[in-house]
Amino acid sequence: MSVPYARPYAEVIGDPIAQSKSPAIHGFWLKKLGIEADYRATCVNAAGLEAYLAERRADPDWRGCNVTMPHKQAVQPYLDTVVEPAAAIGAVNTIHSTETKFTGHNTDAGGFLEPLRPMLNRQHYFRMARILGTGGAARAIVAALAGEGFTLVLAGRNPDKARALLDELAPEGEHHAVDLAHFAQATAFAFDDREGCLDLIVNASPLGMRGQPPLLFDWSHAPPGSIAYDIVTDPVETEFLANARAAGFKTIDGLSMLIGQAAAAFALFFGQPAPREHDAELRDLLTR
């Protein structure tokens with residue numbers, strides 16, 4: 001049974017969920033804005049998902065939830081509507097509750113692109129992204145980067161799944177699906193001149209997360225000038241990012257995407273923009 005709330009609240013659901021930083025983020029913004037509301041984390045397993053959503057439908061104080069592993073696709077049959085870009089991506093990371101319906105959103109795509117915007121606003125001769133992982137977050141990232149003109153190399157433990165995902169979400173481009181193991185060993189490949197190009201190496205998988213196996217990636221596979229982007233947030237400083245910096249590459253950590261996607265969800269839940277002028281203070285809080 002849920003704990004009764006006498007004021008509006010939202011939450012994040014997943015399994016596991018203890019590692020989530022979302023309560024700290026939303027709680028920080030609620031306090032800054034003086035909003036009388038709450039945000040919490042609730043562990044919901046696959047067997048309990050339907051009952052959880054049915055219970056929340058009966059709760060007038062519930063404003064919605066963020067959705068994390070493993071429910072981003074599984075929640076969709078229980079929603080009244082799924083809006084873009086979630087419908088095209090096929091993954092929901094935010095459910096917004098109103099008096100009449102549950103609406104599925106995807107704020108992952110916009111959150112992922114947010115720290116890349118200064119670069120995406122420039123012209124490039126060529127854009128390529130190597131994306132590691134084929135789960136719900138990867139779906140949003142594939143769709144987002146395809147929409148920004150990237151040629152994609154999608155790596156998964158099941159290359160057939162990676163190929164199917166590319167065919168579904170980015171059918172127009174000349175994209176490539178490979179085995180994740182391809183990137184684990186060193187390569188002597190001679191990259192061409194990358195001046196004027198934008199290259200990304202993105203860990204879109206849970207590999208490297210606390211309690212998960214490490215992500216095996218040899219940085220000889222990264223073109224000169226690449227940017228390493230890891231969506232893992234626990235730990236924030238992953239081995240993937242540390243190795244990238246040691247190899248001379250710029251990095252973007254998972255807090256960038258997490259804060260960006262949370263801000264879009266916050267506005268849905270609580271009706272006000274997140275106070276992003278406090279991002280530096282929030283980052284300090286999240287990395288203590």
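Look up: the structure comes first, before these words.
Residues numbered from 1 in each chain as written. Predicted model: local features only at pLDDT ≥ 70, side-chain atom pairs only at ≥ 80, totals over all residues. Heavy atoms only, no water.

**A word on the pairing of strand β5 (residues 94-97)**
Two faces belong to every sheet, and in a regular strand the side chains alternate between them.
Part 1 of the reasoning: Burial along β5 is two-sided: the face carrying Thr 94 and His 96 and the face carrying Ile 95 and Ser 97 are both buried.
Part 2 of the reasoning: Inspection of the sheet shows strand β3 (residues 62-67) paired to β5 by three bridges, in the antiparallel sense. Each residue of the ladder has a partner; that of Asn 66, found in β5, is Thr 94.
Part 3 of the reasoning: Here four bridges tie β5 to strand β6 (residues 102-105), and the two strands are oriented antiparallel to one another. Residue pairing across strands places His 96 opposite Thr 103, the latter belonging to β6.
Part 4 of the reasoning: What sits between the antiparallel neighbours β5 and β6 is a turn of four residues. (Buried < 20%, exposed > 50% of the residue type's maximum accessible area, 1.4 Å probe, protein only. Helix = DSSP H or I, 4+ residues; strand = E, 2+ residues; numbered from the N terminus. Pairing = 2+ DSSP bridges.)

**Here's the deal with helix α8 (residues 239-246)**
Part 1 of the reasoning: Listed as buried for α8 are Phe 240, Leu 241 and Ala 244. Across the axial projection of α8, the buried residues extend over an arc of 95°, all falling on one side. Exposed residues on α8 whose side chains face more than 90 degrees from its buried face are Glu 239 and Ala 246.
Part 2 of the reasoning: Considering only its buried residues, α8 is in contact with β7 (126-132), β10 (197-203), β11 (227-230) and β12 (250-252).
Part 3 of the reasoning: Taken from the residues just after α8, Gly 248 is the one with a positive phi, measuring 95°. (Arc of directions from axis to C-beta. Contact = heavy atoms within 4.5 Å.)

**Things to note about unusual backbone geometry**
Part 1 of the reasoning: Cis geometry is found at the peptide bond from Glu 84 to Pro 85, where omega equals 5°.
Part 2 of the reasoning: As for its placement among the helices and strands, Pro 85 is situated in the loop between β4 (81-82) and α3 (86-89).
Part 3 of the reasoning: In the segment running from Asp 234 into Pro 235, the intervening peptide bond is cis, with an omega of 5°.
Part 4 of the reasoning: Topologically, Pro 235 is positioned in the loop between β11 and α8.

**Here's the deal with the pattern of salt bridges**
Part 1 of the reasoning: Scanning all chains against the criterion turns up 20 salt bridges.
Part 2 of the reasoning: When the shortest N-O distance is used, the salt bridge between Glu 55 and Arg 56 registers 2.7 Å.
Part 3 of the reasoning: Overall, the relative accessible area of 3% leaves Arg 56 in the buried class.
Part 4 of the reasoning: One salt bridge in this structure joins Arg 139 and Glu 168, with 2.5 Å as the shortest N-O distance. One end of the pair, Arg 139, is in helix α6 (residues 136-147); the other, Glu 168, is in helix α7 (residues 159-169), and 29 residues separate them in sequence.
Part 5 of the reasoning: Accessibility expressed as a relative area gives 8% for Arg 139, which makes it buried.
Part 6 of the reasoning: Connected through shared salt-bridge partners, Glu 11, Arg 40, Glu 55 and Arg 56 make up one network. (Salt bridge = Lys/Arg side-chain N within 4 Å of Asp/Glu carboxyl O.)

Keep in mind these numbers describe shape, not what the thing actually does.
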